[in-house]
Amino acid sequence: MEDRIGQSVRSALDGEPRADAAPPREWPVLLDRAFGPDDIAVLRHEATRLLAAVGLAGDRQDGFVLAVNEVLTNVVLHAGGNGRVVLKIEDGSVWCVVTDSGPGIPGAYLDGLHTPEAFEVGGRGLWLAHRLCDEVTTATGPIGTSIGLRIILDSAA
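Notes on the structure follow. (Residues numbered from 1 in each chain as written. Predicted model: local features only at pLDDT ≥ 70, side-chain atom pairs only at ≥ 80, totals over all residues. Heavy atoms only, no water.)

1. So, the overall build of the protein chain
Test applied: For the purposes of this entry, the term helix denotes a DSSP run of H or I that reaches at least four residues, the term strand denotes a run of E that reaches at least two, and both are numbered from the N terminus. Pairs of residues are marked as contacts when any of their non-hydrogen atoms sit within 4.5 Å.
Counting its regular elements, the protein chain contains three helices and five strands. When the helices and strands of the protein chain are read in sequence order from the N terminus, they spell out β-α-α-β-β-α-β-β. Counted over contacts in the protein chain with a minimum sequence separation of 6, partners at least 24 positions apart contribute 63%.

Here it is, written out as structure tokens:
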């Protein structure tokens, strides 16, 4: 798939899986690419397709895609506009790791526990991620940030 600026979306899954074929338990990397402001919608659709291919569906899929979208949007709005996204399967979970080279996240937004006020502008991206994912990891500092989002593939989790 080509996006508007000519970068290709790299995906380890070629085509749709057959309904009668059991997917492998682990795929190394489903998606790995740099992104910018014009890529968010393309990445959201690609993540949705890849998550469906590995068996994540329904509300859990929708929530995870929303969390990924929020973190990508934060990079564009607050961290210089460009980053890297990696979507992979590891130990029965899907991990999305988003990195940037921005100035770091202010401490007030890191705990994910602060519920934004009803009329507060912004401040919901990481808060939503903490509520929609099974695990959120953050490494941040003056030379960049890495956010890890994890969702367990077993729907009973």
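Further notes follow.
2. Points about the pattern of salt bridges
The following threshold applies: Salt bridges are defined by distance alone: a side-chain nitrogen of Lys or Arg within 4 Å of a carboxyl oxygen of Asp or Glu.
Scanning all chains against the criterion turns up six salt bridges. As a salt-bridge pair, Glu46 and Arg49 come within 2.9 Å of each other at their nearest N and O atoms. Taken together, the positions of Glu46 and Arg49, both in helix α1 (residues 40-53) and three residues apart, correspond to about one turn of that helix.

3. Side note on the packing of helix α2 (residues 58-78) against helix α3 (residues 125-132)
Where we set the bar: Geometry is summarised by axes, namely lines fitted to C-alpha atoms with helices restricted to the contacting stretch, and by angles between N-to-C directions that run from 0 to 180 degrees. Orientation categories follow fixed angle ranges, with anything under 35 degrees roughly parallel, anything over 145 roughly antiparallel, 65 to 115 roughly perpendicular, and all other angles oblique. Here a crossing is taken to be left-handed if its near helix is turned anticlockwise relative to the far helix by less than a right angle, and right-handed if that turn runs clockwise. Classification convention: Asp, Glu, Lys, Arg as charged; Ala, Val, Leu, Ile, Met, Phe, Trp, Tyr, Cys, Pro as nonpolar; all other residues, Gly among them, as polar.
Where α2 meets α3, the axes come as close as 9 Å, and the angle between the chain directions of the two elements is 155°. When the interaxial angle is binned, α2 and α3 end up roughly antiparallel. As α2 runs across α3, the sense of the crossing is left-handed. Of the residues in α3, those in contact with Gly63, Leu66, Ala67, Glu70 and Asn74 of α2 are Gly125, Leu126, Leu128, Ala129 and Leu132. Within the contact of α2 with α3, the residues separate by chemical class into six nonpolar, three polar and one charged.

4. Comments concerning the environment of Val76
Note on placement: Val76 falls in helix α2. Along the sequence, Val76 and Gly36 sit 40 residues apart, while their C-alpha atoms lie 6.6 Å from each other. The contact partners of Val76, leaving out residues within four places of it in the chain, are Phe35, Gly36, Pro37, Ile40 and Gly81.

5. Observations concerning the sheet that holds strand β3 (residues 93-100)
In a beta sheet, neighbouring strands pair by backbone hydrogen bonds and run either parallel or antiparallel. Counted only if it meets this: In this scheme, strands are said to pair when DSSP sees at least two bridges between them.
Taken in spatial order, the five strands line up as β1-β2-β3-β5-β4 in an open sheet, and their pairing is antiparallel. Unpaired on one side and paired on the other, β1 (31-35) and β4 (135-141) mark the two borders of the sheet. Pairwise comparison of adjacent strand axes, ignoring direction, gives a mean angle of 10° for this sheet. For β1 and strand β2 (residues 83-90), the ladder comprises five bridges, and the chain directions are antiparallel. Residue pairing in the sheet places Arg33 in a bridge with Val85 of β2. Set on the sheet, α1 makes contact with β1, β2 and β3; between it and β1 the angle comes to about 175°.

6. Details of the pairing of β3
Filter applied, for reference: For each residue, the accessible area found with a 1.4 Å probe, counting protein chains only, is set against the maximum for its type, and the residue is called buried under 20%, exposed over 50%, and partly exposed in between.
A large share of β3 lies buried, amounting to six of its eight residues. For β2 and β3, the ladder comprises eight bridges, and the chain directions are antiparallel. Within β3, the position partnered with Glu90 by the bridge is Ser93. Linking β2 back to β3 in an antiparallel pair, the connection comprises two residues, with Asp91 at a positive phi of about 50°. The pairing of β3 with strand β5 (residues 144-152) spans eight bridges and is antiparallel. When the bridges of β5 are listed, Asp100 appears paired with Thr145.

Function cannot be read off these values alone, since they describe shape.
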